[in-house]
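# Examination of the molecular architecture
Here's the letter readout for the chains.
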Amino acid sequence: MAPDTLRWDFIGLDTRYRLADGRVTRRHYLDSAASTLALRGARQVADELLRHYANTHSDLHFSARIVSHAYDWAHVQALKFVRADPGRHVAFFAGSGCTALLNRLARTLAARRPERDVVLVSLMEHHANDLPHRRHAGQVVRLPLTGAAPVLGAIDLAALEQVLERYRGRVNYVAVSAASNVTGIVNPVHDIAALAHAFGAWVVVDASQALAHAPLPLCDTGSPDRELDAVVFSGHKLYAPGSPGAAVVRRALLEDTEPDEVGGGMVDDVQQSGYQVTARFPDREEAGTPNTLGAVQLGAALNLLQRAGLTRIHAAEQQQLQRLFAGLSALPGVRIYGDPDLQRTPRLGTVAFNLDGLEHGLVAAVLNDYFNVAVRNGCFCAHPYVRELLKPELWTLDIDPDAEDAAAMLEPWQGMVRASLGLYTRDDDIEALLAGARDLLARPDHYRALYRADADGHVQHRTFTAPAETLFDPEAALGRVLARLNARDDVL
Ligand SMILES: Cc1ncc(COP(=O)(O)O)c(C=O)c1O
């Protein structure tokens, strides 16, 4: 199946909104790094399963067996997706994204090797791959990136080696993202694994921004020293909203210790005075009733993506990335963050930028209200990275850092606009963003006059409002349900 076949099969591609100038146009969704749209085919598989819905912890009735089988199948899809070896690796699901799993791994790995009290993370990490390690490790050391702000690149391998040497015998694991959620910059995770393993450290990879966009096998060459020890990802960034977070982990990291979470489904027996944890994977790691429907939806999405081919998906996205990159770079007044040399520093389909003299909040609001372009703005839960990227330009602002209101004055400039691509992104989505950026740069005063900052500092249009409940009202949707139910009153 070609990626093109899949790219039309998403829910919400024809969503339309009325804009500030009264036009009703199609939404241009360029916020896939936050959450992707739903792959209809994957949702369909989960919906079909609903007819049989039951709990996996029941054993003997038809429905329970069907759901258990489908849930097992979802685990197999996760293992296959990263080319894991089912004999040595385990896949398990938890929470609503990878945050739950990164917290879990941080606790588990700290307990497993307390004598190794150091964890290395990179400067570009999302808070989800930073704060759990800060909380559970004795010490977190930040790895530098190549280059200097704002032209920062990927994780600096030479610096990594030096840090591993400096903390020889103390590094428990290295926790890095496969690609940044801010700049899309790709890290050489298998090279990082080879270096870390030479020092006895494990490697935990946050693949949330990578797996939907490019192939990421646990091992790239077959050489065991290059194999990633743990990979985590979020189903809602893989075209399966409502699905759990997923982890694929080398079993040896989890065996012989009590799982971090305990409860039903992960024990062989429980007495008043004790309990015996099952040796079975993934049951040990999945206490409680799992999100079976979400996991099956995710499994189906992974399967469909593999059929379309991640190499081909990546190649198609790279073409669009280049189009977006070239279009933005050609506009005088656009600053793109991170090394702009795509050959030297490869990226996935995410670009963070600012427009000269325009606050990121204003740009994102205008793109939405006048161009129907959905982008994210701010610091993207990666504050240290964004601040580092912005440092050179924040220095040039004429703001006295000692002034009482310095923080408030800096605030509108501490952030960026992020455009991110998905399998469904079309050329006209990118054109809409470029048209918006072009017009903003041409008429900054016109747009500035249309907006004001509210008491919380958020950008608000002076006259145009589109309250969420007028666009989608759960009560109205419920009203339609009630109409259907009432129409059936006579047969109840
Ligand atoms: C790189 C990265 N890591 C972790 C997360 C956290 O994922 P979640 O909120 O799904 O747990 C995100 C979410 O944006 C991310 O982009």
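Now for a look at the structure at hand.

Rules and cut-offs
- Residues numbered from 1 in each chain as written.
- Predicted model: local features only at pLDDT ≥ 70, side-chain atom pairs only at ≥ 80, totals over all residues.
- Heavy atoms only, no water.
- 1 Å grid on protein atoms, 1.4 Å probe; cavity = no way out; pocket = protein on both sides within 12 Å on 5 of 7 lines; lining within 4 Å.
- Points joined across faces, edges and corners; volume = space filled by probe spheres on them.
- Nonpolar A, V, L, I, M, F, W, Y, C, P; charged D, E, K, R; others polar.
- Core = buried A, V, L, I, M, F, W, Y, C linked by side-chain atoms within 4.5 Å.
- Buried < 20%, exposed > 50% of the residue type's maximum accessible area, 1.4 Å probe, protein only.
- Helix = DSSP H or I, 4+ residues; strand = E, 2+ residues; numbered from the N terminus.
- Domains from an automatic or database assignment.
- Contact = heavy atoms within 4.5 Å.
- Axes fitted to C-alpha atoms, helices over the stretch in contact; angles between N-to-C directions.
- Parallel < 35°, antiparallel > 145°, perpendicular 65-115°, else oblique.
- Polar contact = N/O pair within 3.5 Å; in protein donor to acceptor, adjacent residues only side chain to side chain.
- Pairing = 2+ DSSP bridges.
- Near = heavy atom within 4 Å.
- Areas by Shrake-Rupley, 256 points an atom, 1.4 Å probe, with all protein chains shown as cover.
- Salt bridge = Lys/Arg side-chain N within 4 Å of Asp/Glu carboxyl O.

Using the criterion set out here, one finds two cavities of 30 Å³ or more in the structure. Lining the largest cavity, in full, are Gly12, Leu13, Arg26, Arg27, His28, Tyr29, Leu37, Tyr424, Arg426 and Asp429. The calculated volume of the second largest cavity comes to roughly 40 Å³. As for the second largest cavity, its lining consists of Arg7, Trp8, Leu13, Arg26, Tyr424 and Arg426. By residue class, the composition of the lining of the second largest cavity is three nonpolar, no polar and three charged.

Among the nonpolar cores identified, the biggest contains 86 residues, and Leu120 and Phe233 are the most heavily contacted of them. The leading source of residues in this core is helix 8 (residues 292-308), at eight residues. Here this core gathers at least three residues from each of two domains, domain 1 (3-30 + 309-379 + 415-471) and domain 2 (42-307). Setting aside residues no more than four positions away along its own chain, Leu120 makes contact with Val141, Leu143, Leu160, Val163, Leu164, Val171, Tyr173, Val174 and Ala175.

Between helix 8 and helix 9 (residues 310-329), whose axes approach to 6 Å, the crossing angle comes to 75°. The angle between the axes of helix 8 and helix 9 places the two elements in the roughly perpendicular class. From helix 8, Leu305, Gln306, Arg307 and Ala308 reach across to helix 9, where they touch Leu310, Arg312 and Ile313. Tallied by class, residues from the contact of helix 8 with helix 9 come to four nonpolar, one polar and two charged.

Glancing now at unusual backbone geometry. A cis amide bond, omega 5°, links Ala149 with the succeeding residue Pro150. You can see Pro150 is positioned in the loop between strand 8 (139-143) and helix 6 (157-166). Cis geometry marks the peptide bond from Phe281 to Pro282; its omega dihedral reads 0°. Relative to the elements of secondary structure, Pro282 occurs in the loop between strand 14 (275-277) and helix 8. In this structure, Tyr239 is a non-glycine residue whose phi angle is positive, near 70°. Tracing the sequence through the fold places Tyr239 in the loop between strand 11 (230-234) and strand 12 (245-250). Under the relative-accessibility criterion, Tyr239 is labelled buried at 0%. In this structure, Asn372 takes a positive phi of about 55° despite not being glycine. One can find Asn372 in the loop between helix 10 (360-371) and strand 17 (373-374). Judged by its relative accessible area of 2%, Asn372 falls in the buried class.

Tracing the chain through its elements places Asp439 in helix 13 (residues 427-442). Note: C-alpha distance between Asp439 and Pro144 (295 residues apart in sequence) is 37 Å. If we skip the residues at most four places from it in the chain, Asp439 touches Phe371 and Tyr447. A polar contact of 2.5 Å, which involves the side chain of Asp439, links it to the side chain of Tyr447.

Bringing the environment of Asp454 into the picture now. Tracing the sequence through the fold places Asp454 in the loop between strand 20 (451-453) and strand 21 (459-461). Residues Asp454 and Ala74, spaced 380 residues apart in sequence, show a C-alpha to C-alpha distance of 46 Å. One polar contact links the side chain of Asp454 to the main-chain amide nitrogen of Asp456, over a distance of 2.9 Å. Of note is the side chain of Asp454, whose polar atom sits 2.8 Å from the backbone nitrogen of His458.

Turning our attention to the sheet that holds strand 6 (residues 89-94). Strands sit in the order 6-12-11-10-9-7-8 across an open sheet of seven strands; the sheet is mixed. The sheet is open, and its two borders are formed by strand 6 and strand 8, each paired with just one other strand. The mean inter-strand angle of the sheet, taken between neighbouring strand axes irrespective of direction, is 20°. Bridge analysis of strand 7 (residues 118-122) against strand 8 gives five bridges, and the strand direction is parallel. Bridging from a neighbouring strand, Leu120 pairs with Val141 of strand 8.

Taken in spatial order, the four strands of this open sheet run 15-16-19-18, and their pairing is antiparallel. Of all the strands in the sheet, just strand 15 (334-336) and strand 18 (376-378) have a single pairing partner and so form its edges. Direction aside, neighbouring strands of the sheet carry axes that sit 30° apart on average. As paired elements, strand 18 and strand 19 (residues 416-420) share three bridges and run antiparallel to each other. Bridge pairing in strand 19 places Arg376 opposite Arg418. Contacting strand 15, strand 16 (350-355), strand 18 and strand 19, helix 11 (residues 383-396) crosses the sheet at an angle of about 125° to strand 19. Contacting strand 15, strand 16 and strand 19, helix 13 crosses the sheet at an angle of about 15° to strand 16.

The next thing to look at is the site of the ligand. Close contacts around the ligand come from Gly97, Cys98, Thr99, His126, Ala128, Asn181, Asp206, Ser208, Gln209, Ser234, His236 and Lys237, and that covers them all. In the model, an oxygen atom of the ligand is placed 3.1 Å from a nitrogen or oxygen of the Cys98 main chain. Here an oxygen atom of the ligand sits 2.6 Å away from a polar atom, N or O, in the side chain of His236. Relative to its unbound accessible surface of 390 Å², the ligand loses 86% to contact with the protein. Looking at the shell around the ligand residue by residue, the class counts come to two nonpolar, eight polar and two charged.

Our next topic: the pattern of salt bridges. Side chains carrying opposite charge are able to pair once their charged atoms draw close together. All told, the structure shown has 30 salt bridges when counted by the stated rule. Residues Asp427 and Arg323 are paired through a salt bridge, measuring 3.6 Å at the closest nitrogen-oxygen approach. Placement of Asp427 in helix 13 and of Arg323 in helix 9 is noted, with a sequence separation of 104 residues between them. Residues participating in the shared-partner salt-bridge network are Arg26, Arg426, Asp428 and Asp429.

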